[in-house]
Amino acid sequence: MSEFDTDLFVIGAGSGGVRAARIAASHGARAAIAEEFRIGGTCVIRGCVPKKLYVYASRFADEFADAQAFGWRLAHKPEFDWPKLVAAKEGEISRLSRIYEANLLKSGVDIFQERAEILSPNEVRLTTSGKVISARHILVATGASPQMLPVVPGVEHAISSNEIFDLPKFPRRLAIVGGGYIAVEFASVFARLGAHVTLLFRADNVLRGFDETLREGLRDALAEAEIDQRFGVLPTEIVKKDDHFELALSDHSRLAVDQVLIATGRAPHTQGLGLEQAGVELNGDGAIKVDASNTTNVPSIHAVGDVTNRVNLTPVAIREGHLFADRLFGPGAPEVDYDFIPSAVFTTPEIGTVGMTEAEARKTHECVDIYQTSFRPMKATISGSSDKVIMKLVVCGNSDRVLGVHILGEAAGEMAQLLAISLKLGAKKADFDATMPLHPSAAEELVTLRNRTARHTQDED
């Protein structure tokens, strides 16, 4: 008999944890997984998937407006039904959760739908049943949780991105605190669904860390959507009234709203897991410290995904979980390659980006060439909308290699995914130039950018 009850015990049944458990089981390992909420994790239950469904819902507002310019007559003014969207979303994420569970069972993974805590380097305890399970290896894949910042009087009256999807009543006046991608995505969604949105954040622009050109373009697009952006303004108090909330703001003004959403980021979900008593080292932000093989300073305890606070994207967690299981129980695997990871911000218009920003490239390369364009998409020429597409190539001026591509506009995320392949293969600007364009399309602009718009050298910087 084995000295352990299982070979791998996974805490957290999100995308990364589920993939690790399934792959480990496929290699013949005995695997178990515990989840205290719903199987599927943040992405499926309260993140990427429901968010994208709400993005689709919000974009119909633009489609209805544009349709009339293309000859469609709408007999009645379209009306939005919030409870119907919430119910449709719930049906879809429940379906996906059941699929995740079925795939785990099909793979032979034991499922415990309760909270698990680490007792020692090789033991976990299920907090509801009290059962103690010994494991040769423990994998922590608990993801991250919303931060309710800033901590001001009345912050307990606000909601996080976990609750925004299931509000019983649609908020006609919504204050969103934060300027990152979660904040701007919900601002874009709720404005198009009919809410008056006020965006409160301490920075002088949205989306810190993204390319400056796209930040400026999105800021203008949000303003065009009549989203009230309060730069450098935060709430100092949230007061609950009978049927609304009143915010005192740092610029000494006041704001009355129906709901307050705090979207100031997420923090690794490590509290109360027993990591400290097992001797696992954490970073200053509470993230689990791991090496390139996703192993902590305790050889039997590992971590993948947002709980490590490295690259907090669902596909990254899945890749980390898969390769971790291959290394530990399968034929071996290389370390995860974090270069040229595509990402998207699902505002309207959306952002798609891969590779270095202009600022990052200028810090690390002697010579950086910029190729940039901005234009009205073909659809806008008839609809009359103010939509604008921005495209930007960041190129190494010495080697001609494309270092980054940044797009603001329809289907930007789809383009970024395909462009990631080219950049991963080391494509040069000359390769883009030699590629035949597809006409008429917005994407053809990426291969017809012949005129350099700027050159930057470290001497000038």
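Rules used throughout
- Residues numbered from 1 in each chain as written.
- Predicted model: local features only at pLDDT ≥ 70, side-chain atom pairs only at ≥ 80, totals over all residues.
- Heavy atoms only, no water.
- Pairing = 2+ DSSP bridges.
- Helix = DSSP H or I, 4+ residues; strand = E, 2+ residues; numbered from the N terminus.
- Axes fitted to C-alpha atoms, helices over the stretch in contact; angles between N-to-C directions.
- Contact = heavy atoms within 4.5 Å.
- Core = buried A, V, L, I, M, F, W, Y, C linked by side-chain atoms within 4.5 Å.
- Buried < 20%, exposed > 50% of the residue type's maximum accessible area, 1.4 Å probe, protein only.
- Salt bridge = Lys/Arg side-chain N within 4 Å of Asp/Glu carboxyl O.
- Parallel < 35°, antiparallel > 145°, perpendicular 65-115°, else oblique.
- Left-handed = near helix turned anticlockwise from the far one by under 90°.
- Nonpolar A, V, L, I, M, F, W, Y, C, P; charged D, E, K, R; others polar.
- Polar contact = N/O pair within 3.5 Å; in protein donor to acceptor, adjacent residues only side chain to side chain.
- Expected span 1.5 Å × (residues − 1).

*Asks:* Could you give an account of the sheet that holds strand β14 (residues 259–262), with specific residues and numbers?
*Replies:* In spatial order, the strands read β10-β9-β8-β14; together these four strands make up an open sheet with parallel pairing. Strands at the two margins of the open sheet, each flanked by one partner only, are β10 (228–231) and β14. The average undirected angle you get between the axes of adjacent strands in this sheet is 20 degrees. Each of β8 (173–177), β9 (196–201) and β14 touches helix α5 (residues 181–193); the most contacted strand, β9, lies at about 165 degrees to it.

*Asks:* Would you mind going over the nonpolar core in detail, with residue names and values included?
*Replies:* Within the largest apolar cluster, 39 residues are counted, with the highest numbers of intra-cluster contacts made by W82, I176, F190 and L199. A per-element tally of this core places α5 first, with nine residues. Those residues in contact with L199 that lie beyond four places of it in its chain are I176, G178, A183, V184, A187, V206, L222, I227, D228, Q229 and R230. Listed in part, the 22 residues of the second largest apolar core include I118, V140, L275 and A303.

*Asks:* Before we move on, could you go through the pattern of salt bridges and cite the residues and values that matter?
*Replies:* If the charged atoms of two oppositely charged side chains come close together, the side chains can form a pair. Scanning the model with the defined rule gives 29 salt bridges in all. Residues E212 and R215 are paired through a salt bridge, measuring 3.0 Å at the closest nitrogen-oxygen approach. Here E212 and its partner R215 are both found in helix α6 (residues 212–224), three residues apart, which amounts to about one turn of the helix. For E212, a relative accessible area of 39% puts it in the partly exposed group. Within this structure, E36, R115, E117 and R125 form a network of salt bridges that share partners.

*Asks:* Can you break down the packing of helix α3 (residues 48–69) against α5 residue by residue, with the values?
*Replies:* Running from amino to carboxyl end, α3 crosses α5 at an angle of 40 degrees, the nearest separation of the two axes being 8 Å. Regarding the angle of α3 to α5, the classification is oblique. As for the relative orientation of α3 and α5, their crossing is left-handed in sense. In this structure, α3 contributes K51, Y54, V55, A57, S58, A61 and D62 to the contact, and α5 contributes E185, V189, R192 and L193. In the contact of α3 with α5, the residues fall into six nonpolar, one polar and four charged.

*Asks:* Help me get a handle on the side chain of D7, residues and values and all.
*Replies:* Relative to the helices and strands, D7 resides in strand β1 (residues 6–11). Here R30 takes part through its backbone nitrogen, which lies 2.8 Å from a polar atom of the side chain of D7.

*Asks:* Give me the pairing of strand β18 (residues 351–355): which residues, what numbers.
*Replies:* Burial runs high along β18: four of the five residues are buried. Looking at chain direction, strand β17 (residues 343–345) and β18 are connected through three bridges and run antiparallel. For A344, the partnering residue across the bridge sits in β18 and is G352. Taking the residues that link successive antiparallel strands as the turn, the β17-β18 hairpin has five residues. Across five bridges, the pairing between β18 and strand β21 (residues 402–408) is antiparallel. Within the sheet, the bridge partner assigned to V354 lies in β21 and is V405.

*Asks:* An account of helix α4 (residues 82–107) is needed here, citing residue identities and associated values.
*Replies:* The end-to-end C-alpha separation of α4 is 38 Å, in line with the 38 Å expected for 26 residues at 1.5 Å each. Within α4, the full set of buried residues consists of W82, L85, V86, K89, I93, S94, L96, S97 and L104. Where α4 is buried, its residues touch α1 (15–26), β2 (31–34), α2 (41–46), α3, β3 (110–112) and α5. The opening residue of α4 is D81, an N-cap whose side-chain oxygen sits 3.2 Å from the backbone nitrogen of K84.

*Asks:* Lay out the sheet that holds strand β11 (residues 235–240) with the relevant residues and their values.
*Replies:* Taking strand neighbours across the sheet as the criterion, the three strands line up as β11-β12-β13 in an open arrangement whose pairing is antiparallel. A single partner strand is all that each edge strand has here, and the edge strands are β11 and β13 (254–257). Neighbour to neighbour, the strand axes of the sheet diverge by 20 degrees on average, direction disregarded. Of the pairings in the sheet, the one linking strand β12 (residues 245–249) to β13 comprises four bridges and is antiparallel in character. The residue of β13 that forms the bridge with A248 is R254.

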